[in-house]
Amino acid sequence: MAEISYPFNADNADGGRAIVSQTQWQSMAHLWGGDRVDYTLTAAAYDSNDLPFSGRVVNGRSVEVKPGKAWVGGFYYQLTATKSVVIEANPGTKGRKDLVVIRADMAQSAVNLAVVKGTAGASPIPPQPRRVVGGLWELPLFEVDVAAADASVVVSSRMSFNVPPAVATPWNTQATAALMPRGAMVYDLDVNGSGSQYEAFNSRDGYVVTRDLGPTRTYTPAVANINQPAIRQGRWRYIAPKTVWFTAFVQNPGGSDLKLHQGQWTIGFTLPTPANGRIGQVFTGHLYNNNNGSPDMPNFVQLLAKLNQGSDSSTIWLYQQSKWSAGDGMDGVDFLPRRGDITISGVYETA
């Protein structure tokens, strides 16, 4: 039979099978979800002793493992009482790293705790867990540092756990996330077209947008300390948690320079969303003096923009190299020349 499928109520002439072997079951079941401890992490903090399969060293050479449940290579495993596994002695002069694993052994038709012995060396590394359909399939619980000269062993957790399942919302994503377990990922599909499509994380530290999924967002940058230029455009997007990329462009197509208001020192640009101003951040840009629209400035001027520490977290301030001498450092940008434009872009941490 070239075609086999399972499980069905009864065997049939089209290749359907009612009974499956353990290897067929594993081939199917390990696709349902990754290996993990059956425990969902939703709290802000844990005591390691309160987690399933928590472990400790007893009698210098054994690792005692508390009860727990896990999914391993397509099979469900339960440890219903505390059990210890023995770490092999290491009388040599070099250390070793072992693994304590939950092992699905198809030859034994069972899932059990086991120790995978590593190789001693000057800089030992733990062995890789085996994941062979129809053979041995292992889920790591602990990495064990086995010191030379039969010294006591030290265990470090290597367990992986459940997280709340990701969900999607048509709108009201932040309010929806507030009612979900901590650790959930939420997707705003923006079904009503009122904003942007994005991914967010209901984290220990609160709601965080992790990245935008659709086209870049648009905004209109405001320019501080001069009359607003006729053309103002901006684009931005979240590229990582609390991290924004943006670019802002303003142009003065008129025949007169836009000069600073009385008593001001430099031009400012607003950001698309407030930045974290605890330390201060710096951006780059340029001013294009179109065909010497203003004779007081070169055609092309490099700019720096700075978010001042502890200041208004929505505005960055522009600086240019002094036109008098390099030794004078940087000055504020005191006008936007006629027919000129400014572009500022960068990446920053949001507030």
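Residues numbered from 1 in each chain as written. Predicted model: local features only at pLDDT ≥ 70, side-chain atom pairs only at ≥ 80, totals over all residues. Heavy atoms only, no water.

*Asks:* Before we move on, could you go through the overall build of the chain and cite the residues and values that matter?
*Replies:* Tallying secondary structure elements over the chain gives two helices and 27 strands in all. In terms of overall size, the chain is more extended than a compact globule, its C-alpha atoms giving a radius of gyration of 31 Å where 351 residues would be expected to give roughly 20 Å. Principal-axis analysis of the C-alpha atoms places the extent of the chain at approximately 85 × 65 × 40 Å. Scored against the burial criterion, the 351 residues of the chain give a buried share of 41%. Considering only contacts in the chain between residues 6 or more positions apart, those separated by 24 or more positions represent 54%. (Helix = DSSP H or I, 4+ residues; strand = E, 2+ residues; numbered from the N terminus. Rg over C-alpha atoms; globule rule 2.2 N^0.38 Å. Buried < 20%, exposed > 50% of the residue type's maximum accessible area, 1.4 Å probe, protein only. Contact = heavy atoms within 4.5 Å.)

*Asks:* Residues and numbers for helix α1 (residues 22-29), please.
*Replies:* Among the residues of α1, those classed as buried are Gln26, Met28 and Ala29. What you see down the axis of α1 is that its buried residues fit within an arc of 165°, all on one side. Structurally, α1 contributes buried residues whose contacts are with β4 (68-72), β5 (75-79) and β9 (136-146). (Arc of directions from axis to C-beta.)

*Asks:* So what's going on with the sheet that holds strand β12 (residues 167-169)? Residues and values would help.
*Replies:* Taken together, the four strands give an open sheet; going across it, the order is β12-β13-β14-β15, and neighbouring strands pair in mixed fashion. Every interior strand has two partners, whereas the edge strands, β12 and β15 (206-212), have only one. The sheet shows a mean angle of 30° between the axes of neighbouring strands, direction not considered. Bridge count between strand β13 (residues 184-188) and strand β14 (residues 198-203): five bridges; the pairing is antiparallel. In the strand pairing of β14, Met185 is matched with Phe201. (Pairing = 2+ DSSP bridges. Axes fitted to C-alpha atoms, helices over the stretch in contact; angles between N-to-C directions.)

*Asks:* I'd like to hear about the environment of Pro164, residue by residue, with values.
*Replies:* Within the secondary structure, Pro164 sits in the loop between β11 (161-162) and β12. Taking the relative accessible area as the measure of exposure, Pro164 reaches 7% and is therefore buried. As for Pro164 and Thr40, which are separated by 124 residues in sequence, their C-alpha atoms are 6.6 Å apart. Here Pro164 is in contact with Thr40, Leu41, Thr42, Pro181, Arg182, Gly183 and Ala184, once residues within four sequence places are set aside.

*Asks:* Lay out the sheet that holds strand β6 (residues 83-86) in plain terms, naming residues and giving numbers.
*Replies:* Here three strands make up an open sheet; going across it, the order is β2-β3-β6 and the pairing antiparallel. In this open sheet, the two edge strands, each paired with only one partner strand, are β2 (55-58) and β6. Strand-to-strand twist across the sheet, computed as the mean angle between neighbouring axes with direction ignored, equals 30°. Sheet topology note: the β2/strand β3 (residues 62-65) ladder contains four bridges and is antiparallel.

*Asks:* Can you break down the packing of aromatic side chains residue by residue, with the values?
*Replies:* Taken as a whole and assessed by the stated rule, the structure comprises ten aromatic pairs. Residues Phe53 and Tyr77 carry aromatic rings whose centres are separated by 6.3 Å and whose planes lie at 15° to one another, so their mutual orientation is stacked. With Phe53 in the loop between β1 (36-40) and β2 and Tyr77 in strand β5, this residue pair connects regions lying 24 residues apart in the sequence. Phe53 gets classed as buried once you look at its relative accessible area, which sits at 0%. Judged by its relative accessible area of 7%, Tyr77 falls in the buried class. (Phe/Tyr/Trp six-rings, centres within 6.5 Å; stacked < 30°, edge-to-face > 60°.)

*Asks:* Which residues make up the environment of Ser203, and what are the values?
*Replies:* Tracing the backbone shows Ser203 in strand β14. Residues within four places of Ser203 in sequence aside, it is in contact with Arg182 and Val208. Separated by 3.1 Å, the side chain of Ser203 and the backbone nitrogen of Asp205 make a polar contact. A polar contact is formed between the side chain of Ser203 and the backbone oxygen of Gly206, at a distance of 2.6 Å. (Polar contact = N/O pair within 3.5 Å; in protein donor to acceptor, adjacent residues only side chain to side chain.)

*Asks:* Run through the side chain of Gln26, naming residues and quoting values.
*Replies:* Its location among the elements puts Gln26 in helix α1. With relative accessibility at 0%, the residue Gln26 sits in the buried group. Leave out the neighbours within four places in its chain, and Gln26 touches Gly73, Phe75, Met106, Val132, Val133, Gly134 and Trp137.

*Asks:* Now, about the pattern of salt bridges: what can you tell me, with residues and values included?
*Replies:* Side chains that carry opposite charge are capable of pairing whenever their charged atoms lie near each other. Going through the model one piece at a time under the given rule, you end up with twelve salt bridges. Taking the shortest distance from any N to any O, the salt bridge between Arg96 and Asp98 comes out at 2.8 Å. Ionic pairing is found between Arg338 and Asp257, a salt bridge with its closest N-O pair at 3.5 Å. On the criterion of sequence distance, the pair formed by Arg338 in the loop between β26 (335-336) and β27 (340-349) and Asp257 in the loop between β19 (243-252) and β20 (258-259) is long-range, its members being 81 residues apart. (Salt bridge = Lys/Arg side-chain N within 4 Å of Asp/Glu carboxyl O.)

*Asks:* Can you tell me about a nonpolar patch on the surface, naming the residues and giving the values?
*Replies:* On the surface, Trp25, Leu31 and Trp32 cluster together into a nonpolar patch covering about 370 Å² of accessible area. Mapped onto the elements of the fold, Leu31 is located in the loop between α1 and β1. Judged by its relative accessible area of 65%, Leu31 falls in the exposed class. (Patch = residues over 30% accessible without salt bridge, like charges linked within 9 Å, V, L, I, M, F, W, Y side chains within 5 Å. Areas by Shrake-Rupley, 256 points an atom, 1.4 Å probe, with all protein chains shown as cover.)

*Asks:* Tell me about the environment of Ser109, and please be specific about residues and values.
*Replies:* Residue position: Ser109 is located in the loop between β7 (96-105) and β8 (110-116). Put simply, Ser109 and Gln22 are 87 residues apart on the chain and 7.7 Å apart in space, counted from C-alpha to C-alpha. Within polar-contact distance, the side chain of Ser109 engages the side chain of Gln22 at 2.8 Å.

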